[in-house]
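Here is how the chains run, residue by residue.
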Amino acid sequence: MNLDVIVLLTGAVIAVPVFKLLGLGSVLGYLAAGALIGPWALGLIDDVDDILHFAELGVVMLLFIIGLELKPARLWALRRSIFGFGSAQLLLSALLIGAFAYLLGHTLQIALLIGLVLALSSTAFALQLLAERGELTQRHGRSAFATLLFQDLAVVPLLALVPLLGDSSSNGFQWQTVALAFGTVVGVVFLGGWVLKNLLKIVARSRVREILTATALLTVLGTATLLEHAGLSMALGAFLAGVLLADTEFRHQLEADIEPFKGLLLGLFFIAVGMSMNLGLIAEQPFDILTMVIALVSIKFLVLFALGKWQGLENASARRLGWVLSQGGEFAFVIFGVAVTTSVLPGSTAELWIVVVSLSMLTTPLLMFLEDRVWNKKAPEEPYELPDDDEPRVIIAGFGRFGQIIARVLSAKKIPFTALDASQEQVDFVKQYGNKIYYGDASRLDLLEAAGADKASLFVLAIDEAEPSLRTAALVSKHFPHLKIYARAHNRKHAYQLMDLGIEIIRRDTFHSALSLTEAVLTGLGYSASRAQHSVEAFKAKDVERLHAHQHLHNDNEKMRDLAKSAARELEEMFAADAASEEESSRKSS
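Residues numbered from 1 in each chain as written. Predicted model: local features only at pLDDT ≥ 70, side-chain atom pairs only at ≥ 80, totals over all residues. Heavy atoms only, no water.

The helix and strand inventory of the protein chain stands at 25 helices and six strands. Looking at the protein chain as a whole, 51% of its 590 residues are labelled buried. Total accessible area on the protein chain is roughly 27800 Å²; 62% of this is exposed by carbon and sulfur atoms. (Helix = DSSP H or I, 4+ residues; strand = E, 2+ residues; numbered from the N terminus. Buried < 20%, exposed > 50% of the residue type's maximum accessible area, 1.4 Å probe, protein only. Areas by Shrake-Rupley, 256 points an atom, 1.4 Å probe, with all protein chains shown as cover.)

See the structure below:
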């Protein structure tokens, strides 16, 4: 098994960068690596089915992360696309593919099954390709996602339908299976969010990062497994868990914890698909298989293109929608397997169509590559029924008394922001007052990426403690150089350290509030308002001047002590001169 892992990693490390450099994308690289090391080529790995089953967890985690990005309000806004566009695509594609299968000599029942199964597309391939191109938020990307979600929902009745297509000894339609699936979904929707949120709150208070990561994985796999036992797909279960947690303070932390596992397992899934392609069967029936692949891809493309145009998409967007969903899906492996075990489908027929599905997956990244090269332009940005108008312009790291003041003003001005705080207790307290805040350590790169740092305009560094503040500042400066940092300094030493990192806009804790109180004290002692204000402004100007002039010496404690003493003497002399000047002016005026 250790050797298998080394082979898989070696194949990915070699093939994926090469294909990326050629502009063919990472997905095609994974497929090529899998085909090369699989049992039908070099034969370095034979246990394909177990690897494929395990690697499907990558698809599960992908759907969970997408769910985190899709709040319930947005999901509700997509209902017409999910059930309207999605059902139209499934039925039209199934009808035409089924007719093609019937012409190939299959019985009507088997042709119907093949049509319904091949109408499903690959969630993993489509979403990965759209994500790589940054097109998930475009209109054709949203339509593709809605279609894939409907297909996930359709898997349950499809699985229940398979026994009906067998012999007369079938027990009939399994209504109890559908009822169990429906009841499980309702239970997860109404109770799952509350259970998951409170579980995460309890674990977050431990502040043990490994346990937080373990809880994130448990959240995904636990919900997915629950729905799998109810007869639904694991991917759908993970998606529901993500949607239920999309409005919670754990959204960005969960995304950051799951992302590395998702990336590795999704790559493994593509490799496993490549390994599962029966190259021997392809060599035996090359013309027949090529014809079937072309027919499958063409039918699905034409249906999706026509529906896209009917929905109002531009030609480029409709084409991309058609290409990205033109392949068969991973559920074909499952449903054809069930059909064979229930004697609905001969094993040889199932194996042939599984090869067709696998090869159709291979065509998708190639077709998208040709789309980019032939038309040489990206799909136009089109308005969608629910635009993303809540992208954060500001990220606030640290949501104590300092960060909250800034956030309150931004809220009043209707300026979107994302606030992060590493204390679960602070998050719970602040949320009682209706503030928008997420749990997470802002000194983690993956969390900042999940929070949208690459899209934000500026970064407010309001963390109280110097060490995490400096870690975060260094991280943001290095990985998000476009972000202007506005920093809070705990004290003068902290301010110097931030200045060393190149941060220019710094406000020191208690400095300005202390100056404001000093002005009030002087007024209370009988100074005129103008004289008190002048004294405070003079002190402030001198202190800021000294702050910048002495930056390069702040690590020399002895030198800094001497400079502080000389600065105090200078300040005394300056105030003495001001007092003498005021006294002289007063004498002349009298």
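That was the structure; now back to the text.
The next thing to look at is a nonpolar patch on the surface. Taken together, the side chains of Phe182, Val186, Val189, Phe190, Leu191, Trp194 and Val195 define a hydrophobic patch exposed on the protein surface, amounting to about 800 Å² of accessible area. Considering the arrangement of structural elements, one finds Phe182 in helix α9 (residues 175-204). For Phe182, a relative accessible area of 61% puts it in the exposed group. (Patch = residues over 30% accessible without salt bridge, like charges linked within 9 Å, V, L, I, M, F, W, Y side chains within 5 Å. Salt bridge = Lys/Arg side-chain N within 4 Å of Asp/Glu carboxyl O.)

On to the packing of helix α5 (residues 79-103) against helix α14 (residues 286-310), then. Interhelical geometry of α5 versus α14 gives an angle of 150° and a closest axis separation of 10 Å. As α5 packs across α14, the resulting crossing turns out to be right-handed. Of α14, the residues touching α5 (which contributes Phe85, Ala88, Gln89, Leu92, Ser93, Leu96, Ile97 and Phe100) are Thr291, Met292, Ala295, Leu296, Ile299, Lys300, Val303, Leu304, Leu307 and Gly308. Broken down by class, the residue content of the contact of α5 with α14 amounts to 13 nonpolar, four polar and one charged. (Axes fitted to C-alpha atoms, helices over the stretch in contact; angles between N-to-C directions. Left-handed = near helix turned anticlockwise from the far one by under 90°. Contact = heavy atoms within 4.5 Å. Nonpolar A, V, L, I, M, F, W, Y, C, P; charged D, E, K, R; others polar.)

Given a rise of 1.5 Å per residue, 21 residues ought to cover 30 Å, and the 30 Å separating the end C-alpha atoms of helix α10 (residues 209-229) matches this to within 8%. Among the residues of α10, those classed as buried are Leu212, Thr213, Thr215, Ala216, Leu217, Thr219, Val220, Thr223, Ala224 and Leu227. (Expected span 1.5 Å × (residues − 1).)

Phe64, Phe269, Met275, Ile289, Phe336, Trp353 and Ile396 are the most contacted members of the largest nonpolar core, which totals 137 residues. Per-element accounting of this core gives the leading share, 14 residues, to helix α3 (residues 48-69). Counting residues in each nonpolar core, the second largest holds 29 residues, with Leu448, Ile485, Leu498 and Ile506 among its members. (Core = buried A, V, L, I, M, F, W, Y, C linked by side-chain atoms within 4.5 Å.)

Per the stated rule, a full pass over the model turns up two aromatic pairs. When the centroid spacing of 5.8 Å and the interplanar angle of 25° are considered together, the rings of Phe301 and Phe305 count as stacked. With Phe301 and Phe305 both in helix α14 and four residues apart, this pair spans about one turn of that helix. Under the relative-accessibility criterion, Phe305 is labelled partly exposed at 24%. Where Phe301 meets Trp323, the ring centres are 3.9 Å apart and the plane angle is 15°; that geometry is what we call stacked. Taken as a pair, Phe301 in helix α14 and Trp323 in helix α15 (residues 315-324) lie far apart in primary sequence, 22 residues in all. For Trp323, a relative accessible area of 16% puts it in the buried group. A network of ring pairs unites the aromatic residues Phe301, Phe305 and Trp323 as a single cluster. (Phe/Tyr/Trp six-rings, centres within 6.5 Å; stacked < 30°, edge-to-face > 60°.)

All right, on to empty space enclosed by the protein then. By the definition in use, this model includes one cavity of 30 Å³ or more. Taken as a whole, the largest cavity encloses approximately 50 Å³ of empty space. Lining of the largest cavity is provided by Leu200, Leu212, Phe250, Gln253, Leu254, Asp257 and Tyr439. With three residues, the top contributor of residues to the lining of the largest cavity is helix α12 (residues 251-276). In terms of residue class, the lining of the largest cavity is made up of five nonpolar, one polar and one charged. (1 Å grid on protein atoms, 1.4 Å probe; cavity = no way out; pocket = protein on both sides within 12 Å on 5 of 7 lines; lining within 4 Å. Points joined across faces, edges and corners; volume = space filled by probe spheres on them.)

Below, the discussion takes up the side chain of Ser122. Along the chain, the position of Ser122 falls in the loop between α6 (108-118) and α7 (123-132). Residues contacting Ser122, with those up to four places away along its chain left out, are Leu148, Gln327, Gly328, Gly329, Glu330 and Met361.

Moving on, we come to the pairing of strand β2 (residues 417-421). Burial of β2 is extensive: five of the five residues sit out of reach of the surface. Side-chain alternation along β2 places Phe417, Ala419 and Asp421 on one buried face and Thr418 and Leu420 on a second face that is also buried. One ladder, built from four bridges, connects strand β1 (residues 394-397) with β2; its direction is parallel. Paired with Ile395 across the bridge in β2 is Thr418. The sheet contact formed by β2 and strand β3 (residues 438-439) spans two bridges and is parallel. Paired with Asp421 across the strands is Tyr439, a residue of β3. (Pairing = 2+ DSSP bridges.)

Time to look at the pattern of salt bridges. This structure, assessed with the given rule, holds five salt bridges. Between Lys484 and Glu504 there is a salt bridge, with its nearest N and O atoms 3.6 Å apart. One end of the pair, Lys484, is in strand β5 (residues 484-489); the other, Glu504, is in the loop between α22 (492-500) and β6 (505-508), with 20 residues separating them in the sequence. Residue Lys484 is classed as partly exposed on the basis of its relative accessible area, which comes to 37%.

Now for a negative patch on the surface. Taken together, the side chains of Asp46, Asp47, Asp49 and Asp50 define an acidic patch exposed on the protein surface. Inspection of the secondary structure assignment puts Asp50 in helix α3. (Lys, Arg positive; Asp, Glu negative; His and termini not counted. Charge placed at Lys NZ, Arg CZ, Asp CG, Glu CD.)

For the rest of this paragraph, the subject is the sheet that holds β6. Spatially, six strands are ordered β3-β2-β1-β4-β5-β6 in an open sheet, and the strand pairing comes out parallel. In the strand order of this sheet, the two ends are held by β3 and β6, each with one partner.

On to the confidence of the model for the protein chain. The predicted structure's coordinates, where accompanied by low pLDDT, should not be read in detail. In the predicted model, the protein chain carries a mean pLDDT of 77, and 80% of its residues have values of at least 70. Predicted confidence in the protein chain is weakest over helix α25 (residues 557-589), with a mean pLDDT of 56, and strongest over α14, with 92. In the predicted structure, residues 168-173 sits below a pLDDT of 50 and forms six contacts with residues beyond four places in sequence or in another chain. Here residues 379-389 is a poorly scored stretch, pLDDT under 50, and it has 32 contacts once near neighbours within four places are set aside; other chains count. (pLDDT = per-residue confidence, 0-100.)

Counting buried positions along α7 gives eight out of ten residues, so the element sits mostly inside the fold. Every buried residue belonging to α7 is among Thr123, Ala124, Phe125, Ala126, Leu127, Gln128, Leu129 and Leu130, and all of these are buried. One or two residues past the end of α7 sits Gly134, with phi positive at roughly 65°.

Turning to the packing of α5 against α6, a few remarks are in order. For the pair α5 and α6, interaxial distance at closest approach is 7 Å and the crossing angle is 135°. In terms of their interaxial angle, α5 and α6 are classed as oblique. In this structure, the crossing between α5 and α6 has a hand that is right-handed. Along the contact surface, α5 presents Leu90, Ala94, Ile97, Gly98, Ala101 and Tyr102, while α6 presents Leu108, Ala111, Ile114, Gly115, Leu116 and Leu118. Across the contact of α5 with α6, the residue classes break down as ten nonpolar, two polar and no charged. (Parallel < 35°, antiparallel > 145°, perpendicular 65-115°, else oblique.)

Take the environment of Gly347 next. Mapped onto the fold, Gly347 is located in helix α17 (residues 347-375). The sequence separation of Gly347 and Phe336 amounts to eleven residues, and the corresponding C-alpha distance is 8.8 Å.

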